[in-house]
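Here is what each chain is made of, one letter per residue.
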Amino acid sequence: MKAAVIASDSVTVETVPDPAPGAREVVVEVAACGICGTDLHIAEGEFAPTLPIVPGHEFAGRVVAAGSDVTQLRVGDPVAVDPSLYCHECHYCRLGKNNLCENWNAIGVSKPGGAAEFAVAPAANCVRLPESVSLQDAALIEPLSCAVRGFDVLQPALADNYLIYGAGTMGLMMMELAKRAGAGSVSMVDLNPARLETAKELGCTATVTSADELDRPRGWEVVIDCTGVVAAIEDGLGRVAPGGTFQQFGVSAEGAKATFSPYRVYNKEIRIVGSMAVLHSYERAAALFAEGALKPEVMISHRLPLEEYPAALDQFRQGIGRKIQVNP
Ligand SMILES: NC(=O)c1ccc[n+]([C@@H]2O[C@H](COP(=O)([O-])OP(=O)(O)OC[C@H]3O[C@@H](n4cnc5c(N)ncnc54)[C@H](O)[C@@H]3O)[C@@H](O)[C@H]2O)c1
Ligand SMILES: [Zn+2]
Ligand SMILES: [Zn+2]
């Protein structure tokens, strides 16, 4: 089969052996695979314990082979794949906090992924989709499942006002979920006017390049960083309303430091929470997606053939478009 391969000094598309399923695994014929920041990090030598690796953790497709012990899926089933692989043995797995697993692995990060004609996944990681769902669009379920995790941690209230930094795919998904969660308003900050146009098209309350342009003297009950950029994080932390919540969703550089006022956090009872990947949120993301929570034709800006994976990754690096997919 053909597959994208990230090696220590190259990104190529090559012919590699066809995968075969283990007893409790299936082989998925990939319909589409999304690209995100994680793939860039892998190309830059982070995350993946060993290169080369076939990337791709955001994918959906059809089951074409099933292992001998698979009982819940059949050949022909349309599925989306949760890429998270937990050890189920470590301290955090045993607490049910599997996304904090001490031996965390993921399909497309440390095991061969979906930027290929076929990918292997444990049957336990596959959610069967209704036939009405486009399998290419269903590659959006994985990032959506991270956003759903974000909301599990946030625990917002009806009529909360949201301020979201970053109108990339993740910020836009957070906005869509905020509207569903009964937001009073959702305002978005980005420096890229093209990104803000899309946010407007999807119906957010206000789009600005600086929150100074917005008139909300008490601040916002929910502020979410979807940039990972320290300047945005510091600005956002200062705009949380008393009693409100700041969520760090964007991924900063590991050594990055941000400054905030501990006095204000104490005195105004500000809650600061993280959100890491997916935890029991994939199934619900698939359900939300199947009933139309996202507009794929807006969210997905580019659908490229698998052969163009290296160019697709470059384009993502340059911030051109929104969700970029390869279609094997
Ligand atoms: N927590 C999780 O589980 C999880 C899951 C997926 C992605 N992420 C992270 O979420 C973040 C967003 O992902 P994405 O795919 O939407 O990324 P993206 O790069 O497409 O979007 C980020 C946006 O932030 C904007 N931005 C940059 N600096 C800014 C600033 N100072 N003020 C306002 N906006 C600014 C950029 O213009 C861009 O539109 C990334 O850091 C990604 O790694 C986290
Ligand atoms: Zn991703
Ligand atoms: Zn574990």
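Residues numbered from 1 in each chain as written. Chains lettered and ligands numbered in written order. Predicted model: local features only at pLDDT ≥ 70, side-chain atom pairs only at ≥ 80, totals over all residues. Heavy atoms only, no water.

For the rest of this paragraph, the subject is the coordination of the zinc ion (ligand 3). Around the zinc ion (ligand 3), the protein supplies Cys87 (SG), Cys90 (SG), Cys93 (SG) and Cys101 (SG) as donor atoms, at distances of 2.3 to 2.4 Å. Here the zinc ion (ligand 3) binds four donor atoms, and the angle range of 102 to 119° at the metal identifies the geometry as tetrahedral. Sequence positions of the residues that donate to the zinc ion (ligand 3) give the spacing C-x2-C-x2-C-x7-C. Just as Cys93 is buried, Cys101 falls in that class too. (Donors = N, O, S within 2.8 Å, 3.2 Å for Na, K, Ca; no water. Tetrahedral: all angles 85-135°; square planar, octahedral: opposite > 155°, others 65-115°. Buried < 20%, exposed > 50% of the residue type's maximum accessible area, 1.4 Å probe, protein only.)

Once that is clear, we can look at the coordination of the zinc ion (ligand 2). Taken together, Cys36 (SG), His57 (NE2) and Glu58 (OE) make up the full set of protein donors to the zinc ion (ligand 2), lying 2.1 to 2.3 Å away. Within one chain, the residues donating to the zinc ion (ligand 2) are spaced in sequence as C-x20-H-E. Across the pair, exposure class does not vary: His57 and Glu58 are buried alike.

Time to look at helix α8 (residues 282-290). Every buried residue of α8 is accounted for by Tyr282, Ala285, Ala286, Leu288 and Phe289. In a view along the axis of α8, the buried residues occupy a sector of 165°, so they form one face of it. Among the structural elements, β4 (58-66), β5 (78-81), β9 (126-128), α3 (141-154), α4 (169-180) and α9 (296-299) are those in contact with the buried residues of α8. (Helix = DSSP H or I, 4+ residues; strand = E, 2+ residues; numbered from the N terminus. Arc of directions from axis to C-beta. Contact = heavy atoms within 4.5 Å.)

Right, let's talk about the environment of Val16 for a bit. Inspection of the secondary structure assignment puts Val16 in the loop between β2 (10-15) and β3 (25-35). For Val16, a relative accessible area of 19% puts it in the buried group. A sequence separation of 71 residues divides Val16 from Cys87, and the C-alpha atoms of the two residues are 27 Å apart. Once residues lying within four places of it in the same chain are set aside, the contact partners of Val16 are Met1, Ala3 and Val5.

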